[in-house]
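A look at the structure
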Amino acid sequence: MDIWFAVGSSALVTVSIAIGVLFGIWLFVKIAGRKIEWLTLAYEDIRPRLRFFVLTFALLMSTFVVNRPDDIWWVAVSQGLLILLILSGGFLIQEVVNYSVSRVIERFEKGDQADAEVRRIATQLRLLRRLANVIIAILAIGLALFTFPAVQGVGAGLLASAGVLSVIGGLAAQSVLGNLFAGIQLAFSNAIRVGDVVVVEGEWGTIGEITLSYVVVYIWDERRLIVPSTHFTSKSFETWTRKNSKVLGTVYMDVDWRVPLDKVRAEFE
């Protein structure tokens, strides 16, 4: 009975503190948001993940107050809360990164989309956002796994044989890694940008998306062509908007030599 009373008391105290912290953050945002326009929008965007992270942290702290290493269920609960804390922290960081980068992208998208430099920077920022999300997810999952003592021992053995594993892994995931590095290369080499008009595999279309592994080409008839990133780094393709967003074309017409060209030009205009 005493242990349950201690657990309930510690959980109640830590959760109350967490609610107070969340209320303080909300109050600060309400006051400061009157002068800082983006602060309220940022808080609304990350609020669910922030609440989950703070409450999980509070519950984990309550397990430290009542330490019962002899009880298997208590160790399992503590371990589960620690894993939840790490994963929720990773999700929170991802949301902060996504919101920050999205705001910068929106500023560039409000600019002149005919400017190739604007489209290049927006494309690179989108790819950096995806890359950051992948790295944060890998780190969060890795830290969560390393909370298990058995995994820590395995990790030490893996580090000792990292050379062999890297060769095996590289051969097994050659195409995946190739597309990954090709996607990064495309973003920073300025070969293509979102909005470029290209001809790929005999299809005329516009670059709609550039991900870490593939490129989506929006075909003129509303089809979507999914092309691996390595295609644009290893094969030739046509681009009509390398320096300028204007798309020029040539139309040939067979007419009589007596046709008045001035009137034809006037009709065309």
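Check the entry above for the structure.
Before going into details, it helps to say that this report is about the structure given with it. (Residues numbered from 1 in each chain as written. Predicted model: local features only at pLDDT ≥ 70, side-chain atom pairs only at ≥ 80, totals over all residues. Heavy atoms only, no water.)

**A closer look at unusual backbone geometry**
Not every positive phi belongs to a glycine, and glutamate 201 is a case in point at roughly 55°. Tracing the chain through its elements places glutamate 201 in the loop between strand 1 (197–200) and strand 2 (203–210). Look at glutamate 201 and you get exposed, because its relative accessible area is 56%. (Helix = DSSP H or I, 4+ residues; strand = E, 2+ residues; numbered from the N terminus. Buried < 20%, exposed > 50% of the residue type's maximum accessible area, 1.4 Å probe, protein only.)

**Remarks on the pairing of strand 3 (residues 214–219)**
In this structure, strand 2 lies alongside strand 3, joined through 5 bridges in antiparallel fashion. Residue pairing for strand 3: glycine 205 is matched across the bridge by isoleucine 219. If you look at the hairpin formed by strand 2 and strand 3, you'll find 3 residues sitting between the two strands. (Pairing = 2+ DSSP bridges.)

**Observations concerning the pattern of salt bridges**
Under the defined criterion, the tally for this structure stands at 7 salt bridges. Arginine 49 is paired through a salt bridge with glutamate 95; the nearest N and O atoms lie 3.5 Å apart. Here arginine 49, found in helix 2 (residues 37–65), pairs with glutamate 95, found in helix 3 (residues 72–109); they are 46 residues apart in sequence, far enough to count as distant. Its relative accessible area of 33% is what places arginine 49 among the partly exposed residues. One salt bridge in this structure joins aspartate 221 and arginine 223, with 2.9 Å as the shortest N-O distance. Under the relative-accessibility criterion, aspartate 221 is labelled partly exposed at 32%. Arginine 223 gets classed as partly exposed once you look at its relative accessible area, which sits at 39%. The network of salt bridges with shared partners includes Glu203, Asp221 and Arg223. (Salt bridge = Lys/Arg side-chain N within 4 Å of Asp/Glu carboxyl O.)

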